[in-house]
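Coordinates in review
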Amino acid sequence: MTTTTLKLAAISMTSTSNKDVNVETALNMIREAAEKGAEWVQIPEMFAFHGPYDQVHAMAELEGGPVYGMLSDIAKQLKIVLIAGTMGERADNDVMATALRTNSKGDTKVYNTAYVFNRSGERIAKYRKAHLFSLDDKVAGALYNESEGYLPGDKAVTTEIDGWKVGLSICYDLRFPRFYDMLEKGGAPEILLVPSAFTKGTGMHHWELLLRARAVERQAFVFAANQVGLHGPGKESFGHSMIVDPWGKVLASTGELPGIAYATIERTALEEARGKLPALKNRRPELYGS
């Protein structure tokens, strides 16, 4: 059954290396969003742990672990669709050489994984972040090199929720438009999910620009929950969790503080944008190369 209108809630929070506090904060904000009528709720990337790479394995879980169970339970309890940000997923059961699972210091890597739960608490989608962020931020004195803590995913993922075609992406994926081409098998996604921990230094220049660009070029709603504030020495996120419409208009934003952005989206707005300017139909992929 297709839902013609949806109330979305994009959460912005400040995760640190304290996993218990992070998880409790996320659960409380999810409850708040549901109490205010949100039907789909999204929490940010790395919501459960945002800390040193040498701790990511200890803070991660196998799929089905305790935090996974809490997320499933709260989606069922509140009868919401929960885009559960991302969390570390251990690769312990993967068939791969041990050397591929460790970094230059011998620390064990994990996947940076997004889960989506339906109103019954069932996992309906799972996406492992494909593009791993790297930045030497000399101003902030921080080095971001996600390949020291994380393994790259190798699949693009789409799903259908409430009759809407949905494409999954995470943070740094925003910078790779061709990645979104891969989400169009079977038809162009109508909603793009982007849980993120987009840095303040890059975010002030590129975050809104990239979200609006993906919305316009894909003629889709973009639903993005971003981390905000200082996570640890030198590492700070930009915030401004946003919901953007297919015409590139920002419908809601949390700004520079932790909070929740709400917006009601309508299928008629999607149909109007795609009907008024049929750019998706006018593309000529045979000219674009591989």
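Look a little higher up for the structure.
Structure report, in brief. (Residues numbered from 1 in each chain as written. Predicted model: local features only at pLDDT ≥ 70, side-chain atom pairs only at ≥ 80, totals over all residues. Heavy atoms only, no water.)

**Looking at the layout of surface pockets**
Approximately 350 Å³ is the volume attributed to the largest pocket. In terms of lining residues, the largest pocket is bounded by 16 residues, among which Gly 51, Pro 52, Tyr 53, Asp 54 and Lys 235 are the most central. Those elements that provide at least two residues to the lining of the largest pocket are strand S8 (142–145) and strand S14 (228–232). Across the lining of the largest pocket, the residue classes break down as 4 nonpolar, 7 polar and 5 charged. (1 Å grid on protein atoms, 1.4 Å probe; cavity = no way out; pocket = protein on both sides within 12 Å on 5 of 7 lines; lining within 4 Å. Points joined across faces, edges and corners; volume = space filled by probe spheres on them. Helix = DSSP H or I, 4+ residues; strand = E, 2+ residues; numbered from the N terminus. Nonpolar A, V, L, I, M, F, W, Y, C, P; charged D, E, K, R; others polar.)

**Overview of the side chain of Arg 214**
The topology assignment puts Arg 214 in helix H5 (residues 200–218). Here Arg 214 is in contact with Leu 174, Pro 177, Tyr 180, Leu 192, Gln 219 and Val 222, once residues within four sequence places are set aside. (Contact = heavy atoms within 4.5 Å.)

**Overview of the pattern of salt bridges**
Side-chain pairs of opposite charge can arise where the charged atoms are in close proximity. Scanning the model with the defined rule gives 20 salt bridges in all. With a closest N to O distance of 2.6 Å, Arg 283 and Glu 184 form a salt bridge. Placement of the pair is Arg 283 in the segment after helix H7 (279–282) and Glu 184 in the loop between helix H4 (177–181) and strand S12 (191–193), with a sequence separation of 99 residues. With a shortest N-O distance of 2.9 Å, Arg 267 and Glu 190 are connected by a salt bridge. Here Arg 267 is found in helix H6 (residues 267–276), whereas its partner Glu 190 is found in the loop between H4 and S12, with 77 residues between them in sequence. (Salt bridge = Lys/Arg side-chain N within 4 Å of Asp/Glu carboxyl O.)

**Digging into the environment of Arg 267**
Overall, the relative accessible area of 11% leaves Arg 267 in the buried class. In this structure the C-alpha to C-alpha distance between Arg 267 and Met 204, which are 63 residues apart in sequence, comes to 30 Å. Among the polar contacts listed, one links the side chain of Arg 267 to the backbone oxygen of Gly 163, at a separation of 3.2 Å. (Buried < 20%, exposed > 50% of the residue type's maximum accessible area, 1.4 Å probe, protein only. Polar contact = N/O pair within 3.5 Å; in protein donor to acceptor, adjacent residues only side chain to side chain.)

**Considering the nonpolar core**
Grouped together as the largest cluster of nonpolar side chains are 45 residues, with contacts concentrated most on Trp 40, Trp 164, Ile 191, Leu 211 and Phe 223. One finds Val 23, Ala 34, Ala 38 and Ile 80 within the second-largest nonpolar core, a separate group that totals 27 residues. (Core = buried A, V, L, I, M, F, W, Y, C linked by side-chain atoms within 4.5 Å.)

**Overview of empty space enclosed by the protein**
Counted according to the given criterion, the structure contains 3 cavities of 30 Å³ or more. If you add up the space inside the largest cavity, you get close to 130 Å³. What lines the largest cavity is a set of 14 residues, and nearest its centre among them are Met 46, His 50, Tyr 53, Tyr 144 and Glu 146. Of the residues in the lining of the largest cavity, the class split is 8 nonpolar, 3 polar and 3 charged. Considering only enclosed or pocket space, the second largest cavity measures out at about 90 Å³ in volume. Contributing to the lining of the second largest cavity are Lys 19, Met 46, Ala 48, Phe 49, Val 56, Met 59, Ala 60, Thr 86, Met 87, Gly 88, Asn 112 and Tyr 150. Contributions of two or more residues to the lining of the second largest cavity are made by helix H2 (56–59) and strand S4 (87–90). In terms of residue class, the lining of the second largest cavity is built from 8 nonpolar, 3 polar and 1 charged.

**Some points on helix H1 (residues 19–35)**
Helix length check: H1, at 17 residues, gives a terminal C-alpha distance of 24 Å against a target of 24 Å (1.5 Å per residue), a fit within 8%. In this fold, the buried residues of H1 make contact with strand S1 (5–12), strand S2 (40–42), H2, helix H3 (66–78), strand S3 (81–83) and strand S18 (259–266). A positive phi of about 95° marks Gly 37, the residue just after H1. (Expected span 1.5 Å × (residues − 1).)

**Quick look at the pairing of strand S17 (residues 250–253)**
Relative to S17, strand S16 (residues 242–244) is paired through 3 bridges, and the arrangement is antiparallel. The residue bridging Ile 243 from the neighbouring strand is Ala 252, located in S17. Linkage of S16 to S17, two consecutive antiparallel strands, is achieved through a turn of 5 residues, within which Gly 248 is found at a positive phi near 90°. (Pairing = 2+ DSSP bridges.)

**Considering the sheet that holds strand S11 (residues 164–168)**
Ordered in space as S10-S11-S12-S13-S16-S17, the 6 strands form an open sheet in which the pairing is mixed. The sheet is open, and its two edges are formed by strand S10 (158–161) and S17, each paired on a single side. On average, each strand axis in the sheet is tilted by 20° relative to the strand beside it, whichever way the strands run. Pairing geometry for S11 and S12, over 3 bridges, is parallel. Directly across from Gly 167, in S12, lies its bridge partner Leu 192. (Axes fitted to C-alpha atoms, helices over the stretch in contact; angles between N-to-C directions.)

Keep in mind these values describe shape, not function.
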